[in-house]
2 protein chains.
Amino acid sequence: MSEPTKILLEEHEIPTHWYNVVADMPNPPAPPLGPDGQPVPPEKMLAIFPGNLLEQEMSAERWIAIPGEVREAYRLWRPSPLYRAHRLEQMLGTPAKIYYKNEAISPAGSHKPNTAVPQAFFNKQAGISRLATETGAGQWGSSLAFAGQMFGVAVRVFMVKVSYDQKPFRRSMMQTWGAEVFASPSDITQAGRDALAKDPENQGSLGLAISEAVEEAASRADTNYALGSVLNHVLLHQTVIGLEAKQQLAKIGEYPDMIFAPCGGGSNFGGIVFPFLADKAAGDPKAKNLRLVAVEPMSCPSLTKGVYAYDFGDATGYTPLMKMYTLGHDFMPPGIHAGGLRYHGDSPLVSQLYHEKLIEAVAVPQLATFEAGVQFARAEGIIPAPESCHGIRACIDEAMRCKQTGEKKTLLFNLTGHGHFDMASYDRYFSGALDDYDYPREAVERSLQHLPKVG
Amino acid sequence: MSEPTKILLEEHEIPTHWYNVVADMPNPPAPPLGPDGQPVPPEKMLAIFPGNLLEQEMSAERWIAIPGEVREAYRLWRPSPLYRAHRLEQMLGTPAKIYYKNEAISPAGSHKPNTAVPQAFFNKQAGISRLATETGAGQWGSSLAFAGQMFGVAVRVFMVKVSYDQKPFRRSMMQTWGAEVFASPSDITQAGRDALAKDPENQGSLGLAISEAVEEAASRADTNYALGSVLNHVLLHQTVIGLEAKQQLAKIGEYPDMIFAPCGGGSNFGGIVFPFLADKAAGDPKAKNLRLVAVEPMSCPSLTKGVYAYDFGDATGYTPLMKMYTLGHDFMPPGIHAGGLRYHGDSPLVSQLYHEKLIEAVAVPQLATFEAGVQFARAEGIIPAPESCHGIRACIDEAMRCKQTGEKKTLLFNLTGHGHFDMASYDRYFSGALDDYDYPREAVERSLQHLPKVG
């Protein structure tokens, strides 16, 4: 046999610290602002987040220790394997070497448990006995349900009603892990009751589900709120992906020329690329020409088409203002199947790094992502989630450029999750029922007129 | 950190040979018989199976080499990890040590690709360009679709119509891997057309789907048939499971006292236990008291309640007669959710070993298996397939006996697959809609009256 297909690490090689990219950024991160235009004092956030996570959120320390209990829980699926895509390379006939980090092997089937587990742990440590969160299709809700179960923290998930009704399988998954799942709007919060009073047939929205979860967290001393992307501490936890990938590539004497990852809220992208940015910051010669590419949907292209400005993190304007690339908080993206990438903005850390030209971004259309996903599944066996198909698309495009130029680049992408709960999307792709959305210029221009005024 | 959670092997440790239990059986296997009561000559089977697989089917050689191309394809997911169920042990409060072999990590999500891959390879080698098979819920069909794609063999799957309509996700999975999927009865075979002529609303059955697949294979020179369980060569291929598990346990100085595996057609059970039977046969002292337990559903208890007799392998009587534990070929098991265990008989090899008291069997009721599956998911994260829940149930029962007696037994079970495509079953379990079938004594007694006369 030739070079291995999977590069494995032992459990004792699970990173002992998360990497905080803030320590290596050319400028300090722009702070979140309150409605008065002044930085939000951390104590205001204590109603819904524990102090230990807020400390991580504000930290500029380069390395933050991973508690033993979290590393212990990570062992259920980590370190995740790094794959060499021998068969995909052959199928493409490319001289490029393609590697992928397989985060699909977690119990919930994506990278989300990397942060759900420490969030449950730190809340438990802070004396919190219950977490509330929102979920759309269910990727994040199921990850938090799993994580809560690991540490005996109850989990209450507000699931957008239309998904609750149409996608019962992620709901059953959350229940299997012991979470309570409510169709949102629900009758257990004021926000939900108000919505139902206006319209008993309300099908829900992510914005409304956030309101319900935040209300639960703010109104009960034993309950906190948990978010699956965007925030600094979430991206911090995800750096286990890149830290492991660096170890794995080093074992076989490799270093990437380019890294690709899908980018919605920014957590899996930050998770795989930040530890490589550290090499750039340290002036490591092998990272000199390294390119880091965020891949977003053409229908929701916050980095490539948005503006860099202060905007709300949610659709309805409950959150503090965050400086980020945004399409406008009330921009409603087309109904693409990569639900995890349908976010109007982007993580403030990713946004600032993009603004400072330390990372790149590219937008790809929906049909081309499914085409790449099917090609990948036929070569490598694993059926990728629609979100993951975005990173695969961009990586295949680069591999095909290498075929033309003859370059033997080393490419790495983040396989963020499997598509086992997304087969209806593949079904629609095969039957020709999927739309291939263009950039929705007019809708974006409209919503950008509603950006909040700052200061 | 304490003892590891996952015991891993490197790719070069993938077994180089499959283990053939026939070499170590006290008596030669009872041969399949034709309608005349005489052993079926192998050349009669050449219409639907390639010579190289038939050779394996009849072989008494102890070790059969795994071709390099098959080991290469195995590397996409093998060696599979062996897990120590630390959290399940803690949850149960048992002094027993619990290990499980995780076959859920294959691309198709179960142990089935272990044989689908070599079957596709050997057929390709024999000049066959297409395989036909039947599938119920889709576990086997999707595994063969994946395997066919690996070696450029086209795959045509006849999927029972009621599943084709109600369970579209496994169908989409097969299409993602490039297979053609037909609702059975279809209009591309005579058997299908006849059935549709009688009843255009025919919802299909596994027996009818087998007829369609076998007709395709028998009537086209370029097409063969592939079966996912029961036959000797299928069980042979599955021994990679047990061979790896032995290596993994040896690495940490362990040897099991008991092994549990679900048993329907017998392939995953044979796959994990046969290599340990080899130790018994060789008089290895550490295997002296080893107990090997096949776990079957109370509603379809072929080993524990059936008779040991010659019977047809299929419901309609197309196949040769095989000597096996059977409930009667026309026994229709209740609609339990572990579809893979709804088989009226059992593999001839497993049956003979049971008859000779080298292995044991136990039957468990449906609700108790889901209870065990949920307990396992909450402790270990992985949501098991309903079939796998049977092995988990019996293993937990033994662990609880150990709690009472204080015995520190080492227990091993085969986690045959994940439940991502079975969440509707979990949903029904949580909502109280699942039945807990008793042993269907009267139905079995009726069907046993229809056993074929031999000789």
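Student: When you look at the overall build of chain A in this model, what are you seeing that I'm missing?
Tutor: On a plain count of helices and strands, chain A comes out with 19 helices and 15 strands. The C-alpha atoms of chain A give 21 Å as radius of gyration, which agrees with the globular expectation for 455 residues (23 Å, within 12%). Taking the principal axes of its C-alpha atoms as reference, chain A extends roughly 60 × 50 × 45 Å. Across the 455 residues of chain A, 64% fall into the buried class. Nonlocal contacts in chain A, meaning residues at least 24 apart in sequence, comprise 77% of its contacts between residues at least 6 apart. Accessible surface computed for chain A: about 16,000 Å², of which carbon and sulfur atoms make up 52%. Each charge class in chain A was averaged separately, 41 positive and 50 negative side chains, and the resulting centres sit 4 Å apart.

Student: Just to check I follow, could you spell out the packing of aromatic side chains for this structure?
Tutor: Here a ring pair, both rings aromatic, is described through the centre-centre distance and the interplanar angle of the planes. Throughout the structure, instances matching the rule amount to 39 aromatic pairs over all chains. Ring geometry for tyrosine 255 of chain B against phenylalanine 276 of chain B: centres 5.8 Å apart, planes inclined by 65°, an arrangement best described as edge-to-face. Of this pair, tyrosine 255 of chain B sits in the loop between helix H12 (240-251) and strand E10 (258-262) while phenylalanine 276 of chain B sits in helix H13 (residues 267-281), placing them 21 residues apart in sequence. Summarising the burial analysis for this pair, tyrosine 255 of chain B and phenylalanine 276 of chain B share the class buried. Members of the aromatic cluster, joined through ring pairs, are Trp18, Phe121, Phe122 and Phe151 of chain A. The residue whose ring lies beneath lysine 246 of chain A is phenylalanine 276 of chain A, and the NZ or CZ to ring-centre distance is 6.0 Å. The residue whose ring lies beneath lysine 305 of chain A is tyrosine 439 of chain A, and the NZ or CZ to ring-centre distance is 4.9 Å.

Student: Help me understand the confidence of the model for chain A, please; the structure alone is not making it clear to me.
Tutor: Interpreting fine coordinate detail is not advised for predicted regions of low pLDDT. When pLDDT is averaged along chain A, the result is 95; 99% of the residues meet or exceed 70. The complex model carries a pTM of 0.97, and its ipTM stands at 0.96.

Student: I would appreciate a short explanation of the side chain of serine 211 of chain A in the present structure.
Tutor: Residue and element names in this part refer to chain A. In this structure, serine 211 sits in helix H10 (residues 206-219). When its relative accessible area of 7% is taken as the criterion, serine 211 is described as buried. If we ignore the near neighbours within four places in the chain, the residues touching serine 211 are Ala191, Thr316 and Tyr318.

Student: Sorry, what's going on with the relation of the copies chain B and chain A here?
Tutor: Note on the chain copies: they are related by a rotation about an axis and a translation along it. Of the transformation placing chain B onto chain A, the axial shift is 0.0 Å and the rotation is 180°, giving an RMSD of 0.0 Å. Accordingly, the operation relating the two chain copies is best matched by a two-fold axis. Taking C-alpha positions as reference, the residue of chain B nearest the rotation axis is histidine 420 of chain B, located at 3.3 Å. Both copies contact each other with a shared surface, as 100% of the interface residues of chain B are interface residues in chain A too.

Student: What should I look at first to understand empty space enclosed by the protein in this one?
Tutor: To locate leftover empty space, one rolls a probe as large as a water molecule over the atoms. Scanning all chains against the criterion turns up four cavities of 30 Å³ or more. Asn102, Ala104 and Ile105 of chain A together with Asn102 and Ile105 of chain B are, among the 34 residues lining the largest cavity, the residues nearest its centre. In the lining of the largest cavity, the residues fall into 23 nonpolar, eight polar and three charged. Space inside the second largest cavity adds up to approximately 60 Å³. Lining the second largest cavity are 14 residues, with Pro297, Ile336, Pro365, Gln366 and His390 of chain A sitting closest to its centre. Elements with a minimum of two residues in the lining of the second largest cavity: helix H16 (366-380) and helix H17 (386-405) of chain A. With three residues, the top contributor of residues to the lining of the second largest cavity is H16 of chain A. The residue makeup of the lining of the second largest cavity, split by class, is nine nonpolar, five polar and no charged.

Student: When you look at the pattern of salt bridges in this model, what are you seeing that I'm missing?
Tutor: A side chain with one charge can pair with a side chain of the opposite charge if their charged atoms come near. What the rule picks out here adds up to 48 salt bridges over all chains. Between glutamate 11 of chain B and arginine 75 of chain B there is a salt bridge, with the nearest N and O atoms lying 2.8 Å from each other. Taken together, the positions of glutamate 11 of chain B in the loop between strand E1 (6-7) and strand E2 (17-19) and arginine 75 of chain B in the loop between helix H3 (68-74) and strand E4 (82-84) put the pair 64 residues apart, joining distant regions of the chain. Each member of the pair, glutamate 11 of chain B as well as arginine 75 of chain B, carries the same accessibility label: buried. When salt bridges with common partners are traced through the structure, they connect Arg130, Arg156, Glu180, Glu216 and Arg220 of chain A into a single cluster.

Student: Could you clarify how one ought to interpret helix H13 (residues 267-281) of chain A in this entry?
Tutor: Note: α-helices contain 3.6 residues per turn, so residues at a spacing of three or four share the same orientation. Residue and element names in this part refer to chain A. The end-to-end C-alpha distance of H13 is 20 Å, a good match for the 21 Å that 15 residues give at a rise of 1.5 Å each. At valine 273, H13 shows its largest bend, some 40°, and a proline, proline 275, comes one to four positions later. Buried residues dominate H13, accounting for 13 of its 15 residues. Phi turns positive, to about 75°, at glycine 283, one or two residues after H13.

Student: What is the right way to read unusual backbone geometry from this model?
Tutor: With the exception of glycine, the majority of residues adopt a negative phi angle, and the majority of peptide bonds are in the trans configuration. All names here are of chain A. A cis geometry characterises the amide bond from serine 184 onward to proline 185, with omega recorded as 10°. In this fold, proline 185 is placed in the loop between strand E8 (180-184) and helix H9 (190-198). You will see that valine 230, though not glycine, has its phi angle at about 70°, which is positive. With respect to the secondary-structure elements, valine 230 resides in the loop between strand E9 (223-225) and helix H11 (232-238). With a relative accessible area of 7%, valine 230 lands in the buried category.

Student: Would you mind going over the environment of serine 351 of chain B with me for this structure?
Tutor: Looking at the element boundaries, serine 351 of chain B is found in helix H15 (residues 348-355). Discounting residues that sit within four places of it in the chain, serine 351 of chain B has contacts with Leu303, Tyr308, Lys323, Met324, Tyr325 and Asp346 of chain B.

Student: I keep staring at the packing of helix H6 (residues 139-151) of chain B against helix H8 (residues 168-176) of chain B and nothing clicks. Help me out?
Tutor: Geometry of a packed helix pair, given as the angle between the helix axes and the separation of the axes. Residue and element names in this part refer to chain B. Two elements in contact, H6 and H8, have axes separated by 8 Å at closest approach and are oriented at 10°. One finds that H6 runs roughly parallel with respect to H8. In this structure, H6 contributes Gln139, Gly141, Ser142 and Ala145 to the contact, and H8 contributes Arg170, Met173 and Met174. Of the residues assigned to the contact of H6 with H8, the class counts are three nonpolar, three polar and one charged.

Procedures and definitions
- Residues numbered from 1 in each chain as written.
- Chains lettered and ligands numbered in written order.
- Predicted model: local features only at pLDDT ≥ 70, side-chain atom pairs only at ≥ 80, totals over all residues.
- Heavy atoms only, no water.
- Helix = DSSP H or I, 4+ residues; strand = E, 2+ residues; numbered from the N terminus.
- Rg over C-alpha atoms; globule rule 2.2 N^0.38 Å.
- Buried < 20%, exposed > 50% of the residue type's maximum accessible area, 1.4 Å probe, protein only.
- Contact = heavy atoms within 4.5 Å.
- Areas by Shrake-Rupley, 256 points an atom, 1.4 Å probe, with all protein chains shown as cover.
- Lys, Arg positive; Asp, Glu negative; His and termini not counted.
- Charge placed at Lys NZ, Arg CZ, Asp CG, Glu CD.
- Phe/Tyr/Trp six-rings, centres within 6.5 Å; stacked < 30°, edge-to-face > 60°.
- Lys NZ or Arg CZ within 6 Å of the ring centre and 35° of its normal.
- pLDDT = per-residue confidence, 0-100.
- Least-squares fit on C-alpha atoms with pLDDT ≥ 70 in both.
- 1 Å grid on protein atoms, 1.4 Å probe; cavity = no way out; pocket = protein on both sides within 12 Å on 5 of 7 lines; lining within 4 Å.
- Points joined across faces, edges and corners; volume = space filled by probe spheres on them.
- Nonpolar A, V, L, I, M, F, W, Y, C, P; charged D, E, K, R; others polar.
- Salt bridge = Lys/Arg side-chain N within 4 Å of Asp/Glu carboxyl O.
- Expected span 1.5 Å × (residues − 1).
- Bend = angle between axes of the 7 residues up to and from the residue.
- Axes fitted to C-alpha atoms, helices over the stretch in contact; angles between N-to-C directions.
- Parallel < 35°, antiparallel > 145°, perpendicular 65-115°, else oblique.

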